[in-house]
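Observations on the model geometry
One letter stands for each residue in the lines below.
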Amino acid sequence: PSTAEGVRQDEQGERYQFGPKAATHFHNARTAYQAASSLDPTSFDASFNAARVEAHLATDHLPGPACCAMMESAIEGYRRALAMREGEGGERIDAAFNLAQALVTMGEMLEEGAVWVEDNVKEALGWEAQSLFEEVEGMQRREMERVGLWTLGGVGDDDGMEEADERASDADRKSVV
């Protein structure tokens, strides 16, 4: 089992989207990603993708308490992936955003009564998700500033976007040379 096998199974699951065949491929992808992660505990891709597939299984393929258990596993996987990416950058943004989404989804599952928990647990999930969304927003803003897409006039200013596109094109050409 490897990350490549996880990707292959993941793609097959996406091909079928729903139903037993899709669920089987997503479970196989999860198994492959988890095996790859156990072989290389520092593999961001293996941890992140295992968590992503678990979140998908929890929301689209599992009933009641099983969906909560799977989402708990996804949350822990996203936390591991997030811990592997200190600082900022695309992978940290993705891990933080997906973790926040998983926390919100878990809160919704608990609110709907999939399993019983104290209200303070649901509240804690909400606060953690809010904190992560704020972190993601800040990282995205700084990343946009870094590449010249965030201006004092705001995002969406056509002149600013055209200038940023030109700078990005120039940077692409320079990196090829």
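Scroll up to find the structure this text is about.
Quantities reported herein were computed from a predicted structural model and do not represent experimental measurements.

**Some details on the overall build of the protein**
A tally of regular secondary structure across the protein gives seven helices and zero strands. Of the roughly 10,400 Å² of accessible surface on the protein, 52% is carried by carbon and sulfur atoms.

**Considerations on helix H1 (residues 3-16)**
Under the 1.5 Å per step criterion, the end-to-end length of H1 is 20 Å for 14 residues, consistent within 8% with the ideal 20 Å. Of all the residues in H1, the buried ones are Gly6, Gln9, Asp10 and Gly13. All buried residues of H1 fall inside an arc of 105 degrees around its axis, so they share one side. Exposed and facing more than 90 degrees away from the buried side of H1 are Ala4 and Arg15. Buried residues in H1 make contact with helix H2 (20-39) and helix H3 (44-60).

**Details of the environment of Ser43**
With respect to the helices and strands, Ser43 occurs in the loop between H2 and H3. Judged by its relative accessible area of 14%, Ser43 falls in the buried class. Sequence separation between Ser43 and Thr3 is 40 residues; the distance between their C-alpha atoms is 9.4 Å.

**Details of the nonpolar core**
Met71 and Met106 are the most contacted members of the largest nonpolar core, which totals 36 residues. Listing elements by their share of this core, those giving two or more residues are H2, H3, helix H4 (64-84), helix H5 (90-111) and helix H6 (119-146). Considering each element in turn, this core owes the most residues, 10 residues, to H5. Residue contacts for Met106: discarding those within four places in its chain leaves Cys68, Met71, Glu72, Ile75 and Leu125.

What counts, and where the lines are drawn
- Residues numbered from 1 in each chain as written.
- Predicted model: local features only at pLDDT ≥ 70, side-chain atom pairs only at ≥ 80, totals over all residues.
- Heavy atoms only, no water.
- Helix = DSSP H or I, 4+ residues; strand = E, 2+ residues; numbered from the N terminus.
- Areas by Shrake-Rupley, 256 points an atom, 1.4 Å probe, with all protein chains shown as cover.
- Expected span 1.5 Å × (residues − 1).
- Buried < 20%, exposed > 50% of the residue type's maximum accessible area, 1.4 Å probe, protein only.
- Arc of directions from axis to C-beta.
- Contact = heavy atoms within 4.5 Å.
- Core = buried A, V, L, I, M, F, W, Y, C linked by side-chain atoms within 4.5 Å.

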